[in-house]
Amino acid sequence: MTTLDLQQQHTHHEPGALNRCAAMLYNALARTAGLFSAEVDTARGELILEYDPNTLLESELQAVASSLATDLDSPFQQCINRAGGYACTACADALKLELERRGRLDDFTVHPGRMAVSRTTAPAERARLIRSLAAPPEEVQEKSRWPWDRWDPLHKQAVLTAITALGIAVGWIGGAAGLPQPWPQVAYVVAYLAGGFYGVRKGLAELRHGIINIDLLMVLAAIGAAIIGDWREGAILLFLFSLSNTLQDYAMGRSRRAIESLIKLRPEEALVRRGELEMLIKVENLRLGDVVIVKPGERLPIDGVVARGQSSVDQSTITGESVPVDVAPGSPVFEGTLNQSGALDIEVTRLPSESTLARIIQLVENAQEQKAPTQRFLDEFEQKYALGVIIVTALAIVVPVFVFNQPFEATFYRAMTLLVVASPCALIISVPAAILSAIANAARRGILFKGGAHLENMAAVKAIAFDKTGTLTRGKPVVTDVIPLGCCSETELLTLAASVESRSEHPVAQAMVNAARQQGLSFAPCEDLQAISGRGACATAADGRVYLIGNKELFDGKLELGDDVLAQLDALEMQGRTAMLLAEQTEEGVTLFGLIAVADEIRPEARDALQALRAKGVEHIIMLTGDNERVARAIAEQAGVDEFRASLLPEEKVIAVRELQKTYGSVGMVGDGVNDAPALALADVGIAMGAAGTDVALEVADVVLMSDDLEKLAYVRDLSRRANRIIWENITFALGVIVVLVTANFLVGVPLPLGVVAHEGSTLIVVFNGLRLLR
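Residues numbered from 1 in each chain as written. Predicted model: local features only at pLDDT ≥ 70, side-chain atom pairs only at ≥ 80, totals over all residues. Heavy atoms only, no water.

Explanation requested: the overall build of the chain in the structure shown.
Regarding its fold elements, the chain presents 27 helices and 29 strands. Counting over 775 residues, the chain shows a buried share of 53%. Taking the intrachain contacts of the chain between residues at least 6 apart in sequence as the baseline, contacts between residues at least 24 apart amount to 68%. Accessible surface computed for the chain: about 33900 Å², of which carbon and sulfur atoms make up 55%. (Helix = DSSP H or I, 4+ residues; strand = E, 2+ residues; numbered from the N terminus. Buried < 20%, exposed > 50% of the residue type's maximum accessible area, 1.4 Å probe, protein only. Contact = heavy atoms within 4.5 Å. Areas by Shrake-Rupley, 256 points an atom, 1.4 Å probe, with all protein chains shown as cover.)

Structural data, given as structure tokens:
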């Protein structure tokens, strides 16, 4: 899609059909100069137009947007296949397949419930594609006034299933009670029409693209039953198939509703202060730099930083952390989180479309669409298998009748039962039922899998590499030791150090200042701070006294350090700590006051988290860091890693990951997504931590932990292993049912209704088995 020099116009609309929308969106591009692309997002209910403001006036764009929103309303309601309120993947998959076959996939961005088209083909060629791909314009524009068209497909399918059951009951009871023909037969015909409505539509729609699906097999079996006069059994087949699909769509909708629950977290309006005025505006109209007022008990409408006020904010929707976070001026906050105790003024730092919550929603949408390797294999296998079932069914009719002179009716009946029991419904749904549930489960806990492939791969990981800074450690130095050397107390030494370093931006200096503030110490900033590169700093106090603070190289030629001081320095450095000397410089010489050590502390949960990973089957844990070997060794010993490598550049981390892959096979990499981005990208599974505010991590990693909690890694590993276990449970069970039913049908014969019950029952069992991952 063209994105240079573009602006966006958003208009709300109701969700709808992907293929018919393609026609109208393409028509809009063809007839509107300056309109570059159009996107329909059914999950958020938005129509997004990208245009050139130099060609298309805003008033003209508003007219185009309003016209499109009106035109899209009815077709969207009529045509889209929806389950639980969220667009199903079948419609998007069918359209993608057709576009790929025609070599036009680059013209479209297609996701379940979302489509974008762009101006990349010539008008005449585009018009031909529209005519062949989607409904004619007059059909697209057609509006329906029937209440039926305003119902969601799940509701419609439930009603049709009930009508099917009613038709069977009337035909069965009427026939038994002596109701004259043709009324019992009419009742069965009604049951056929209602029960086969969606099956015929889906089957024929995909057959036009060369796809043989389960719906077509079921419809053929029902028609076969009618041919030999078994209308009742064919109607029962359609009823059970329709009931199974209704229950399956409802159950699968539970995992898809995870996205809808995220969308509902987004407030529609925000209270904004502009100048002296406070006004309530739509969130999509917020601008960078706006100040948004959020009262206690309200959800934050945007990403930003606190400009004024203090409060505690429940960020569990973003990070998965249950403990509210205290925020003050300068603290970053996120859209969709809950302000609890105090009023906040928040300066907008990201547009609504770029917020962390928006990106999470997009990632989960994309993840639910991306198929795991096992699912891709089954999808390819389904076509060959379904064709094989049809061929074997035909042979099961022809061979016994024409070779062994078996009676046609009994042979045909058995063949129709074979067509039903051999259909791979349960097999095909076994993978997405588990994958979608696991992804939804993880999203609720602040863990984002970018696709089913990464969920499967995580279960196979044998070795995990950890970055040190910001991953195993907190990423911010803190004061660990305050050692006075006789002339002052610990409190006086820390107060003096904070006074000297208060105007410095260096992380080590800020660690001392923060430590003094945390202890409630008051200090006056020194004047005339001069940094001495690689060594420390020199500062002058208000009373004119001059202080030096830095490493031992700063005092070369100025002060002879005693053996006891050198021993203390060596001991601190052996523990991976940075030791700073604080002294006063006078005309008579330098007077040493004491030592202050700082370190990037290891996370308190790190050792237990790594031990939990080992318990979940990870064989080798290694730490990769750019820090020196002495610091790396100290952290490695505290964390309990099996191996560490120090003084690594980003490209050397990549080499280390490659070596691990040669030794262990599948390797995971955990980092913050910044300097270790190349290693994250190379690893079989790249995991980024603390990514609530990190753009790079959200883009590079395969799995994103929105919080800094290392203990969630064991949950990620366990969830992936459980998902794989349930997938193979489902596959084994589904194949077992097919083998047993097909064998029984050949040996002793299986009544068609019993075959349908076993077939549809196995499908529901694998769906609900997959849904266990939602817990």
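Still more to cover.
How should I be thinking about the packing of helix H9 (residues 214-227) against helix H14 (residues 408-421) in this particular structure?
With their axes 9 Å apart at the nearest point, H9 and H14 run at an angle of 165° to one another. By the angle between their directions, the pair H9 and H14 is classed as roughly antiparallel. Here the hand of the crossing between H9 and H14 comes out left-handed. Across from Leu217, Met218, Leu220, Ala221, Gly224, Ala225 and Ile227 in H9, the residues of H14 making contact are Phe412, Met416, Leu419 and Val420. Here the residues of the contact of H9 with H14 are counted per class, giving 10 nonpolar, one polar and no charged. (Axes fitted to C-alpha atoms, helices over the stretch in contact; angles between N-to-C directions. Parallel < 35°, antiparallel > 145°, perpendicular 65-115°, else oblique. Left-handed = near helix turned anticlockwise from the far one by under 90°. Nonpolar A, V, L, I, M, F, W, Y, C, P; charged D, E, K, R; others polar.)

Looking at this model, I keep getting lost on unusual backbone geometry. Mind explaining?
Backbone geometry follows two general trends: most residues other than glycine have a negative phi, and most peptide bonds adopt the trans configuration. Of note, Asn405 is a non-glycine position whose phi angle comes to about 55°, a positive value. Structurally, Asn405 is set in the loop between helix H13 (373-402) and H14. For Ser647, which is not a glycine, the phi torsion comes out positive at approximately 55°. For Ser647, the location among the structural elements is in the loop between strand S26 (643-645) and helix H23 (650-664).

Just to check I follow, could you spell out the pattern of salt bridges for this structure?
Inspection of the entire model under this criterion finds 17 salt bridges. One salt bridge connects Asp467 with Lys653, and the closest N-O pair in it is separated by 2.9 Å. Pair noted here: Asp467 is in strand S18 (residues 463-467) and Lys653 is in helix H23, with a separation of 186 residues, a long-range link. Assigned by exposure class, Asp467 and Lys653 land together as buried. Through salt bridges with shared partners, one network takes in Arg273, Glu278, Arg308 and Asp345. (Salt bridge = Lys/Arg side-chain N within 4 Å of Asp/Glu carboxyl O.)

What's the story with the nonpolar core in this structure? I'm lost.
The tendency in soluble globular proteins is for nonpolar side chains to be buried side by side. Counting 54 residues, the largest nonpolar core has Phe449, Phe466 and Leu472 as its most contacted members. For this core, the leading source of residues is helix H15 (residues 425-444), giving 11 residues. The residues contacting Phe466, other than those within four sequence positions of it, are Thr471, Leu472, Leu610, Leu613, Ile621, Ile622, Met623, Leu624, Met669, Val670, Leu710 and Leu713. Listed in part, the 41 residues of the second largest apolar core include Ile212, Leu237, Tyr385 and Leu741. (Core = buried A, V, L, I, M, F, W, Y, C linked by side-chain atoms within 4.5 Å.)

For this particular structure, what's the right way to read helix H19 (residues 507-518)?
Every α-helix winds through 3.6 residues per turn, so residues three or four apart in the chain are directed the same way. Between its first and last C-alpha atoms H19 spans 16 Å; for 12 residues at 1.5 Å apiece the expected length is 16 Å, and the two agree. All buried positions along H19 are accounted for by Val508, Ala509, Ala511, Met512, Val513, Ala515 and Ala516. Two residues or fewer after H19 comes Gly520, characterised by a positive phi angle close to 75°. (Expected span 1.5 Å × (residues − 1).)

Got a minute to help me understand the packing of helix H18 (residues 490-501) against H19 in this structure?
The relative placement of two packed helices comes down to the angle between their axes together with the axis-to-axis distance. Between H18 and H19, the least distance of the axes is 8 Å, while the angle of their chain directions is 130°. On the basis of their axis angle, the class for H18 and H19 is oblique. Between H18 and H19 the crossing geometry is left-handed. Contact residues: Leu494, Ala497, Ala498 and Glu501 in H18; Ala509, Gln510, Met512, Val513, Ala515 and Ala516 in H19. Looking at the contact of H18 with H19 residue by residue, the classes come out as eight nonpolar, one polar and one charged.

Can you walk me through a nonpolar patch on the surface in this structure?
A surface patch of nonpolar side chains, amounting to about 780 Å² of accessible area, comprises Leu387, Ile391, Leu395, Val398, Val399, Phe402, Val403 and Phe404. Structurally, Leu387 can be placed in helix H13. A relative accessible area of 42% places Leu387 in the partly exposed class. (Patch = residues over 30% accessible without salt bridge, like charges linked within 9 Å, V, L, I, M, F, W, Y side chains within 5 Å.)

Help me out: how do you make sense of the pairing of strand S10 (residues 291-294) in this one?
The side chains of a regular strand alternate, residue by residue, between the two faces of the sheet. Pairing of strand S8 (residues 269-274) with S10 involves three bridges; the strand directions are antiparallel. Bridge pairing in S10 links Val272 to Val292. (Pairing = 2+ DSSP bridges.)

Explain the pairing of strand S23 (residues 578-585) here, please?
Across the eight residues of S23, six count as buried, placing the element largely inside the fold. Of the strand pairs in this sheet, strand S22 (residues 546-550) and S23 are connected by five bridges, and their pairing is antiparallel. By the bridge assignment for S23, Tyr547 is matched with Glu584. From the end of S23 to the start of strand S24 (residues 590-602), which pair antiparallel, there are four residues, and Gly589 there has a positive phi angle of about 150°.

Any chance you could explain the sheet that holds strand S12 (residues 311-314) here in plain terms?
Within a sheet, neighbouring strands are paired by backbone hydrogen bonds and run either parallel or antiparallel to one another. Pairing in this open sheet of three strands is antiparallel, and the strands run S13-S12-S15 from one edge to the other. Sheet topology places strand S13 (325-327) and strand S15 (338-339) at the edges, where each strand pairs with a single neighbour. As paired strands, S12 and S15 are joined by two bridges and run antiparallel to one another. Its bridge partner being in S15, Val313 is matched across the sheet by Asn339.

Please explain the environment of Gly452 as it appears in this structure.
Mapped onto the elements of the fold, Gly452 is located in helix H16 (residues 452-460). Since its relative accessible area comes to 0%, Gly452 is described here as buried. Separated by 20 residues in the primary sequence, Gly452 and Pro432 place their C-alpha atoms 8.6 Å from one another.

I would appreciate a short explanation of the packing of aromatic side chains in the present structure.
The geometry of an aromatic ring pair is captured by the separation of the ring centres together with the interplanar angle, meaning the angle of the planes. Scanning all chains against the criterion turns up four aromatic pairs. Ring geometry for Tyr192 versus Trp231: centroids 4.9 Å apart, planes at 55°, classification tilted. Separated by 39 residues along the polypeptide, Tyr192 in helix H7 (residues 183-195) and Trp231 in helix H10 (residues 231-263) bring together distant segments of the chain. Judged by centre distance (6.4 Å) and plane angle (55°), the ring pair of Tyr547 and Phe593 falls under tilted. Here Phe593 lies in strand S24 and Tyr547 lies in strand S22, a separation of 46 residues in the sequence. An identical accessibility class is assigned to Tyr547 and Phe593; each is buried. Above the face of the Trp172 ring, Arg232 is positioned so that its terminal group lies 4.4 Å from the ring centre. (Phe/Tyr/Trp six-rings, centres within 6.5 Å; stacked < 30°, edge-to-face > 60°. Lys NZ or Arg CZ within 6 Å of the ring centre and 35° of its normal.)

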